[in-house]
Amino acid sequence: MSSDAELIGRSLRGDTDAFVEVISRHETAIGNYLARRVGRQAAEDVLGDVWVAAYESRATYDRSYPEARPWLYGVALNRLRRHWRSEPAEEPAPDITRVAHDWDPWPAVDARVDTQALLRSALARLKPEEREVLGLVAWEDLTVAEAGRVLDIPAGTARRLLHQARKALREAPEVAALLQVPTT
């Protein structure tokens, strides 16, 4: 089985199927990453942009790294930033008139919204770099060194940012409230 680096090299020599193989290896992980950030529908559009951008910039890929997943997360992050800059500040509320009449979703929705609000509040206090490293390591299952590659920072810096993020979250009153742990 060829590494991603080998496949990218073959694609640069004209084998278009080789880059399709790279896409098929990573489309689920990159698609899920995007969906967690912008929702499933918008993620589909952004994902297409990611593959076009990755294909166009594949000559810049450092083939000393056999796996392209961290590089693809970096491309995805850049496309996300472009997407966020182009979006309106607020999305309209979804149409809930089609909810079944005999089902009351509000208790479950309230609990979920409360939990999400607490977590968002705690995460919002993190520095953007800390949030990015935490998300890449916790949700995308990258190593700290791979997260550093995605963000174009040294692995040691990524480790420090992850440590700071974890420490800040442990000390956040919102997280303590969520876990019903008294704060000190």
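You'll find the structure just up there.
Below or above, wherever it landed, is the structure these notes cover. Every value quoted in this text rests on a predicted model; they were computed, and no experiment measured them.

Thresholds applied
Residues numbered from 1 in each chain as written. Predicted model: local features only at pLDDT ≥ 70, side-chain atom pairs only at ≥ 80, totals over all residues. Heavy atoms only, no water. Helix = DSSP H or I, 4+ residues; strand = E, 2+ residues; numbered from the N terminus. Buried < 20%, exposed > 50% of the residue type's maximum accessible area, 1.4 Å probe, protein only. Salt bridge = Lys/Arg side-chain N within 4 Å of Asp/Glu carboxyl O. Expected span 1.5 Å × (residues − 1). Contact = heavy atoms within 4.5 Å. Core = buried A, V, L, I, M, F, W, Y, C linked by side-chain atoms within 4.5 Å. Phe/Tyr/Trp six-rings, centres within 6.5 Å; stacked < 30°, edge-to-face > 60°. Lys NZ or Arg CZ within 6 Å of the ring centre and 35° of its normal. Lys, Arg positive; Asp, Glu negative; His and termini not counted.

Right, let's talk about the overall build of the protein for a bit. The helix and strand inventory of the protein stands at 9 helices and 0 strands. Written out in order from the N terminus, the α and β elements of the protein read α-α-α-α-α-α-α-α-α. In the protein, which comprises 184 residues, the proportion classed as buried is 36%.

Further remarks concern unusual backbone geometry. Glycine aside, negative phi is the norm for most residues, and most peptide bonds take the trans geometry. With a phi angle near 60°, D141 is a residue other than glycine that sits in the positive phi range. Here D141 lies in the loop between α6 (128–138) and α7 (144–151). Residue classification places D141 among the exposed residues on the basis of a relative accessible area of 61%.

When their charged atoms lie close together, side chains carrying opposite charge are able to pair. Going through the model one piece at a time under the given rule, you end up with 7 salt bridges. The partner of R25 in a salt bridge is D4, and the shortest N-O contact between them spans 2.8 Å. With R25 in helix α2 (residues 16–38) and D4 in helix α1 (residues 4–12), this residue pair connects regions lying 21 residues apart in the sequence. For R25, a relative accessible area of 27% translates into the label partly exposed. In this structure, E67 and R69 form a salt bridge, with 3.3 Å as the shortest nitrogen-oxygen distance.

Let's shift gears to helix α3 (residues 40–56). For α3, which comprises 17 residues, the first-to-last C-alpha distance of 24 Å matches the rise-based estimate of 24 Å (1.5 Å per residue) to within 8%. Buried within α3 are the following residues: A43, V46, L47, V50, W51, A53 and A54. The inward-facing, buried residues of α3 abut α2 and α4 (69–86).

It is worth spelling out the nonpolar core at this point. By size, the foremost hydrophobic cluster in this structure holds 46 residues, and its most contacted members are I30, Y33, L34, V50, W71, L72 and L136. Those elements giving two or more residues to this core turn out to be α1, α2, α3, α4, α5 (106–124), α6, α7 and α8 (155–171). Looking at this core element by element, the count peaks at 9 residues for α2. Not counting chain neighbours up to four residues away, the residues in contact with L72 comprise V22, H26, I30, V50, W51 and A54.

Under the counting rule described, the total for this entry stands at 3 aromatic pairs. Between the aromatic rings of Y33 and Y73, the centroid separation amounts to 5.0 Å while the plane-to-plane angle is 80°, which identifies the pairing as edge-to-face. Note that Y33 is positioned in helix α2 and Y73 in helix α4, a separation of 40 residues in sequence. Here the basic side chain of R58 rests over the ring of Y55, its NZ or CZ set 3.9 Å away from the ring centre. Sitting over the ring of Y65, R149 keeps its end group 3.6 Å from the ring centre.

Moving on: the side chain of E146. The topology assignment puts E146 in helix α7. The side chain of E146 is buried and forms no salt bridge, while R69, the nearest opposite charge, is found at 4.0 Å. Excluding residues within four positions of it along the chain, E146 makes contact with E67, R69 and P70.

Below, the discussion takes up the environment of P128. Structurally, P128 can be placed in helix α6. Among the residues examined, P128 registers a relative accessible area of 47% and is labelled partly exposed. Taking the C-alpha atoms as reference points, P128 and A165, 37 residues apart in sequence, are found 9.9 Å from one another.

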